[in-house]
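In case you want the letters, here they are:
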Amino acid sequence: MSAAQYVRDLGDLGNDDVALVGGKNASLGEMYQHLAGVGVRVPGGFAITADGYRHVLDEAGDWAELKATFAGLDPDDVTDLAARAQQARRIVRTAPLPDDLRAEVLTAYRALRARYGTDLRLAVRSSATAEDLPDASFAGQHESYLDVAGEEQLLAAVRECFASIFTDRGVHYRHQHGFGQTEVALSVGVMRMVRSDLACSGVAFTLDTESGYRDAVLLTASYGLGENVVQGVVDPDEFYVHKPTYEAGHRAVLRRRLGQKAVRMVTAGASGTRNEPTPEADRRRFCLTDAEVLELAGAAIAIEHHYGCPMDVEWAKDGTDGATYVVQARPETATSRTVVTSLRRYVVDRPGEVLVQGHAVGDRVAVGAARVVRDAHELGAFRPGEVLVADTTTPDWEPVMKTAAAVVTDRGGRTCHAAIVARELGLPAVVGTGDATATLIDGEVVTVSCAEGETGRVYRGEVPHHVDEVDLAGLPRPRTKIMVNLGNPALAFRTSLLPNDGVGLARMEFIISEAIKVHPLALVHPERILDPAERAQVEDLVSGYPDGEAYFVERLSEGVGTIAAAFHPRPVVVRMSDFKTNEYAGLVGGRAFEPHEENPMLGFRGASRYAHPAYEEGFALECRAMRRVREEMGLTNVVLMLPFVRRLAEADLVLARMAELGLERGRDGLQVYAMCEIPNNVVLVDEFAQRFDGLSIGSNDLTQLTLGVDRDSEVVAFDYDERDPGVKRMIQLAVEGCHRNGIHSGICGQAPSDYPDMAAFLVEIGIDSMSLNPDSVLRTTRAVVELEERLADPTHPDHHDPTAGRTP
């Protein structure tokens, strides 16, 4: 008998060994062998083969009893399944380890201890032979044991791992995916334990798990052992890294969100592990540095390239050596398997009373009666079609989860167990609400909405909603470019999947008001904030940053960068801030820096602020943020746009100031547009065209100023109409001027989103692009295609080529 019949070193294993050592161990061996040279660090160890598992049951003669245990299994009878699984675990657990297997395990352990030292701690992990296959993820179905020390603890953990092949969830999952209960064998991985109990751990996905957007790495992180992140016990930190720009050599975190990280899991000696409160100072800071995030993202990208598919990667940071390690990698089997041949978009028509909210998982809407389940013993009362409400979920709950309309949990982030299973089942889930189990009432009908961005909401009762669906394969692209208006970065990845040609208007104001909240000058001069409570709020917001300016630049650049990355390499036109003075004053600390104006709509706004001494420091921060997006993040698809440029001299002054601040038009391909929303922009269109690369018509303000109607006044609302002949003539003159001067012509106002006839008019005059609200993109695209086809038909009475004068 060979001395190595049942034990294999990780360095000798690869993806071809799944049948021998299971998916988890085969993948670890594959990475250990082939990816160390590209930054993927895997701890050393060995695997006990599936033949070793079979050897145990062969020697004990237990196969017949096991098969009899599962004869006539009804997987939907939770009580009966649990009893059968418990009996099967007892059979395996009490089977003695044969002497030859025991000897091989101890020999390999002693070699590992000689390599790492006598204080070696082990992670002993199950690896099933049908685990982590592309069409069936057995992740989390079997047990693992941490902080294992010494020979006897190791042997005991091996027996427990073998027995865990028959956990309730493992039995149910095998049956669901067509595997016989005794067909699947179990291997055991034995590795040096990464001491993340002294540092942090988490999960990285090489795609956005909610939208399916493929060009980002999503990384979650929390203090302590990784089980808390996986099981949803904590709200972890989140980071995004944009893969195309990373691979082009740019090293920047695209976006980050600070999680609460309320508890951390640490080792507890013989009793296993325990959770303890995370110190407040640690909760208020990110548990990874940017350099560590980027190193882990690079490892995840390398793993994805090697495997050729989106991956789900578990990682851990060792608190003793400070290094980060990959401890598991498997194909992502939920979002990435969705074949996008049609686009289904859930829309909430009239939001109602919000009962709780948290992280949205998926993009669907579901209605059902709430069922609060406080522990596994209450699962028997759950009825199909109800909304499962729980503190958190575990793999044992999966048989019930598959019958739910939706899932709502108190705790967890977007990579927790509840989130992963909900995605796999196609259910909307709202996780990390904090108080759903205390707020929602059994039997009360609720609407669970994950269709409104990254915040998921649970509404009282059934709120009106509908589903838009379009066959993407059968949707032709029009010659007129169809772009989108967008301000919320949380919607960027999902919106980018609409058929579109980029972003015609990215509103900087949304990011400033929602993600920054503070007036730019209040961050530069906090001492001038009048209200002590506001000053304290600013101090709290900027804690963890070098100063208020760094806070503004990072938050704004990450918001804009997320939108630019989502649509990369398509153009993203970012409008510099266009708050009115009353809106600026509404920001935290803003009252100390803004004058009172009777008519802010026509006051100190847009380009007039940028080079003015009263705001030049604020504009400098905006420009720093845009430089960071283009230069550090590498998102050169960003086009900058100046709003409300009243005069030619004003345009020259602002462009010169931008050049001083490192944003010179034409340098490194930078294009600068202007909004065409003042009659003077049309009257002097040829002169403005010499200063800008494009004009984007703001039909809202252009209508207001052409007709002399205050668009905020309800009294004269009857006189406000973008379709007035005078307004349309102004738009046509602007488009013709752009064509005459060879620059881009576009429109980003509300008119083409609201009025199909206005969209038709724009096509007829040959506008280069229309930027629409996302909810009107599909409808308008179809209408534009049909109109272009009619205009191109020589037999049609209106036949002409509207694109003849367009800018190439």
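Residues numbered from 1 in each chain as written. Predicted model: local features only at pLDDT ≥ 70, side-chain atom pairs only at ≥ 80, totals over all residues. Heavy atoms only, no water.

**A short note on the overall build of the chain**
Regarding its fold elements, the chain presents 30 helices and 30 strands. By the compact-globule yardstick of 28 Å for 808 residues, the chain fits well, its C-alpha radius of gyration being 30 Å. Its C-alpha atoms give the chain principal-axis dimensions of about 95 × 60 × 50 Å. Across the 808 residues in the chain, those meeting the buried criterion constitute 57%. Sequence separation of 24 or more characterises 69% of the internal contacts of the chain that already satisfy a separation of 6 or more. Surface summary for the chain: the accessible area is close to 30,800 Å², and the carbon and sulfur share equals 49%. (Helix = DSSP H or I, 4+ residues; strand = E, 2+ residues; numbered from the N terminus. Rg over C-alpha atoms; globule rule 2.2 N^0.38 Å. Buried < 20%, exposed > 50% of the residue type's maximum accessible area, 1.4 Å probe, protein only. Contact = heavy atoms within 4.5 Å. Areas by Shrake-Rupley, 256 points an atom, 1.4 Å probe, with all protein chains shown as cover.)

**A short note on empty space enclosed by the protein**
Under the definition given, this model contains five cavities of 30 Å³ or more. When its volume is computed, the largest cavity comes out at roughly 140 Å³. Together, 14 residues line the largest cavity, and Asp208, Glu210, Arg414, Glu454 and Ala490 are the ones closest to its centre. Each residue belonging to the lining of the largest cavity can be placed in one class, and the counts come to six nonpolar, two polar and six charged. (1 Å grid on protein atoms, 1.4 Å probe; cavity = no way out; pocket = protein on both sides within 12 Å on 5 of 7 lines; lining within 4 Å. Points joined across faces, edges and corners; volume = space filled by probe spheres on them. Nonpolar A, V, L, I, M, F, W, Y, C, P; charged D, E, K, R; others polar.)

**Some remarks on helix H1 (residues 18–34)**
Look at H1: only 16 Å from first C-alpha to last across 17 residues, short of the 24 Å you get at 1.5 Å a residue. Remark: the principal bend of H1, roughly 80°, maps to Lys24. All buried positions along H1 are accounted for by Val21, Gly22, Gly23, Lys24, Asn25, Ala26, Ser27, Leu28, Gly29, Glu30 and Met31. Those residues of H1 hidden inside the fold are in contact with strand E2 (45–48), strand E3 (122–128), strand E4 (144–148), strand E5 (186–192), helix H11 (290–307) and strand E13 (324–331). (Expected span 1.5 Å × (residues − 1). Bend = angle between axes of the 7 residues up to and from the residue.)

**Quick look at the sheet that holds strand E8 (residues 237–242)**
Strand order in this open sheet of six strands is E9-E8-E7-E6-E12-E13, and the pairing throughout is antiparallel. Two strands bound the open sheet, and with one partner strand each, they are strand E9 (255–257) and E13. Within this sheet the neighbouring strands show an average axis-to-axis angle of 15°, counted without direction. Of the pairings in the sheet, the one linking E8 to E9 comprises three bridges and is antiparallel in character. Considered in E9, the bridge of Glu238 is made with Arg257. Here helix H19 (residues 548–567) sits on the sheet and contacts E8 and E9; the angle it forms with E9, its principal contact strand, is near 120°. (Pairing = 2+ DSSP bridges. Axes fitted to C-alpha atoms, helices over the stretch in contact; angles between N-to-C directions.)

**What about the packing of aromatic side chains?**
Considering all chains together, one arrives at ten aromatic pairs under this definition. Arranged with centres 4.4 Å apart and planes meeting at 10°, the rings of Tyr610 and Phe619 form a pair that is stacked. There is no split in this pair, since Tyr610 and Phe619 are both buried. One aromatic cluster is present, formed by Tyr53, Trp63 and Phe162 through successive ring pairs. It is Arg605 that lies over the ring of Phe644; its NZ or CZ is 3.8 Å from the centre. Directly above the ring of Phe761 sits Lys728, whose terminal nitrogen or CZ lies 4.7 Å from the centroid. (Phe/Tyr/Trp six-rings, centres within 6.5 Å; stacked < 30°, edge-to-face > 60°. Lys NZ or Arg CZ within 6 Å of the ring centre and 35° of its normal.)

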